[in-house]
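# Observations on chain architecture
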Amino acid sequence: MANKCNAILSLLLLLLVGTSHGGGIAIYWGQNGNEGTLSQACATAKYSHVNIAFLNNFGNGQTPQMNLAGHCNPSILNSCTKFSAEIKDCQSKGIKVLLSIGGGIGNYSLSSIEDARNVSKFLWNTFLGGKSPSRPLGDAVLDGVDFDIELGSTANWEHLARFLKAYSRRGREVYLAAAPQCPIPDRFLGTALNTGLFDFVWVQFYNNPPCSYANGNITNLLNSWSRWTNTVPATNIFLGLPAAPAAAGSGYIPPDVLTNQILPEIKKSPKYGGVMLWSRFYDVKNGYSDSIVSSV
């Protein structure tokens, strides 16, 4: 009888695991000097991924440039290398740290396949496992690249993804992430996502009322989530949200609505990876991740 009860209990546990599983919280850091340091963000033990934002000028033959708001000035020699030790500190805690390229303000595009190849070489040598006399973030080796492409041309992003992924070696993966808008397919990244090369996809379920939470209605969001998880070839898909009402024009979800109504539904998908928040600054101000971390 005891063996039969144990077997039934094991089956129930397997069913529970199969229908719901935990995830992580990804955060964007770098766009407000008042959000604290990288090490402070990682010391909270709330985040699984940190995207350093942004490399917002690159491609089409121009000299790449970073914008890290009030944290440092990447154009000044060694101004930002102080973050090398902090990146390593985060990684020592098991947190993946990625460079986010693109953003809502900047000048970037890929004019050709060869341009995509050249940008991939720059990223590899300047931020990843290659070597360059100029590494603005020091000798720390980032875990990968996040594509937050919102401007410019829609072409050649799939080629950049292929070139970057080709740098992966046994024991040293180059992770690729993407932050598409929730309308599907994403205008800029739809073709790139179809390659199946992206490890993490944090879909921006905000600033897009037809597929975001609005006025107490979760149906549009859940329908969009279903389309993403059923059609996009990615293992880990995250629900991207503003961490405070002021962080986006629309789409903010009160923490209790998220934890009680939305997370129980989206966690049923085997592709559920967690929640992405924009951004660390707003999360510090609003304490959003504190309210949801135990439910993610």
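Named according to an unreviewed UniProt entry, the protein chain is Acidic endochitinase originating from Arachis hypogaea. In the Sequence similarities (unreviewed entry) part of its UniProt record, the protein chain is described as follows: "Belongs to the glycosyl hydrolase 18 family. Chitinase class II subfamily." According to the UniProt record, the Catalytic activity (unreviewed entry) comment for the protein chain is "Random endo-hydrolysis of N-acetyl-beta-D-glucosaminide (1->4)-beta-linkages in chitin and chitodextrins."

### A closer look at helix H4 (residues 113–127)
Think of an α-helix as 3.6 residues a turn; residues three or four steps apart then line up on the same face. Between its first and last C-alpha atoms H4 spans 21 Å; for 15 residues at 1.5 Å apiece the expected length is 21 Å, and the two agree. Looking only at H4, the buried set comprises Asp115, Ala116, Val119, Ser120, Leu123, Trp124, Thr126 and Phe127.

### A word on the state of the cysteines
Taken as a whole and assessed by the stated rule, the structure comprises 3 disulfides. A sulfur-sulfur distance of 2.1 Å marks the disulfide that ties cysteine 42 to cysteine 90. Looking along the S-S bond of the cysteine 42-cysteine 90 disulfide, the torsion reads about 100°, which is the right-handed sense. You can see cysteine 42 sitting in helix H2 (residues 38–43) and its partner cysteine 90 sitting in helix H3 (residues 83–92), a full 48 residues away along the chain. Here cysteine 90 falls in the buried class, since its relative accessible area comes to 0%. Regarding the disulfides, the protein chain carries the connectivity 1-4, 2-3, 5-6 under sequence-order numbering of its bonded cysteines.

### Quick notes on the UniProt feature "domain: GH18" (unreviewed entry) in the protein chain
As annotated in UniProt, the feature "domain: GH18" (unreviewed entry) corresponds to residues 23–296 in the numbering used here. Between the C-alpha atoms that bound residues 23–296 the distance is 6 Å, and the span itself is 30% helix and 21% strand.

### Looking at the side chain of arginine 135
With respect to the helices, strands and loops of the structure, arginine 135 is situated in the loop between H4 and strand E6 (144–149). Buried charged residue arginine 135 carries no salt bridge. Nearest counter-charge: aspartate 139, at 6.8 Å. In this structure arginine 135 touches Thr81, Trp124, Asn125, Thr126, Phe127, Leu128, Gly130, Ala140 and Val141, once residues within four positions along its chain are discounted.

### Re the confidence of the model for the protein chain
Scored by pLDDT, the protein chain has a mean of 93; 93% of the residues are at 70 or more. Predicted confidence for residues 2–19 stays below pLDDT 50, and this span has 3 contacts to residues more than four positions away or in other chains.

### Comments concerning the nonpolar core
One finds Ile101, Leu123, Phe147, Trp157, Leu160 and Ile262 to be the most contacted residues of the largest nonpolar core, which totals 79 residues. Not counting the four nearest positions on each side in its chain, isoleucine 262 is found in contact with Tyr213, Ile218, Leu221, Leu222, Leu239, Ile253 and Val257. The next biggest cluster of nonpolar side chains, apart from the first, holds 15 residues, and it includes Ala26, Tyr28, Phe54 and Trp202.

### Digging into unusual backbone geometry
Cis rather than trans, the peptide bond between alanine 53 and phenylalanine 54 has omega equal to 0°. Of note, the amide linkage connecting tryptophan 278 to serine 279 takes the cis form, showing an omega dihedral of -5°. With respect to the secondary-structure elements, serine 279 resides in the loop between strand E10 (272–278) and helix H9 (280–286). A positive phi angle is found at alanine 69, which is not glycine, with a value near 45°. By the element assignment, alanine 69 lies in the loop between strand E3 (65–66) and H3. Positive phi values are uncommon outside glycine, yet asparagine 215 reaches one of about 55°. Inspection of the secondary structure assignment puts asparagine 215 in the loop between strand E8 (200–204) and helix H7 (219–231).

### Some points on the packing of H7 against helix H8 (residues 255–266)
Packing of H7 against H8 brings their axes to within 11 Å, and their N-to-C directions diverge by 20°. Judged by the inter-axis angle, H7 sits roughly parallel to H8. In this structure, H7 meets H8 at a crossing whose hand is right-handed. Where H7 approaches H8, its residues Leu221, Leu222 and Trp225 are matched on the opposing element by Ile262, Glu265 and Ile266. Counted by class, the contact of H7 with H8 contains 5 nonpolar, no polar and 1 charged residues.

### What to know about the pattern of salt bridges
A side chain with one charge may pair with a side chain of the opposite charge, provided their charged atoms come close. Summed over the entire model, instances satisfying the criterion amount to 8 salt bridges. Aspartate 139 is the partner of lysine 88 in a salt bridge, and the nearest nitrogen-oxygen pair spans 2.9 Å. Placement of the pair is lysine 88 in helix H3 and aspartate 139 in the loop between H4 and E6, with a sequence separation of 51 residues. Taking the relative accessible area as the measure of exposure, aspartate 139 reaches 53% and is therefore exposed. Taken together, the shared-partner salt bridges connect Lys165, Glu173 and Asp199 into one network.

Thresholds, definitions, all that
The residue count restarts for each chain, going from 1 along the sequence in the order it is written. For this predicted model, a pLDDT threshold of at least 70 governs which residues receive local features, and a threshold of 80 or more governs which side-chain atom pairs are given and counted, while totals over whole chains, interfaces and linings are taken from all residues. Derived side-chain values reflect all non-hydrogen atoms in the structure, with water molecules and hydrogen atoms excluded from consideration. UniProt positions are given in the numbering used here, feature names are shortened, and annotations may be inferred rather than shown by experiment. Labels follow the DSSP assignment, with helices taken as runs of H or I lasting at least four residues and strands as runs of E lasting at least two, numbered in each case from the N terminus. Each helix should span, by expectation, one fewer than its residue count multiplied by 1.5 Å. Partly exposed residues are those whose accessible area sits between 20% and 50% of the maximum for their type, while under 20% is buried and over 50% is exposed, using a 1.4 Å probe and protein chains only. Here, a disulfide means two cysteine sulfur atoms that sit within 2.5 Å of each other. Within this scheme the basic residues Lys and Arg register as positive and the acidic residues Asp and Glu register as negative, but His and the chain ends are omitted. Salt bridges are defined as contacts in which a side-chain nitrogen from Lys or Arg sits within 4 Å of a carboxyl oxygen from Asp or Glu. Contacts are assigned to residue pairs with any non-hydrogen atoms lying within 4.5 Å of each other. pLDDT: the predictor's confidence for each residue, scored from 0 to 100. Take the buried residues of types Ala, Val, Leu, Ile, Met, Phe, Trp, Tyr and Cys, join any two whose side-chain atoms come within 4.5 Å, and each joined set is a nonpolar core. Helix axes are fitted only over the stretch in contact, all axes being lines through C-alpha atoms; the angle between N-to-C directions runs from 0 to 180 degrees. If an angle is under 35 degrees, it is roughly parallel; if it is over 145, roughly antiparallel; if it lies from 65 to 115, roughly perpendicular; otherwise it is oblique. Crossings are assigned a handedness: left-handed for a near helix turned anticlockwise from the far helix by less than a right angle, right-handed for a clockwise turn. The classification used treats Ala, Val, Leu, Ile, Met, Phe, Trp, Tyr, Cys and Pro as nonpolar, Asp, Glu, Lys and Arg as charged, and all other residues, Gly among them, as polar.

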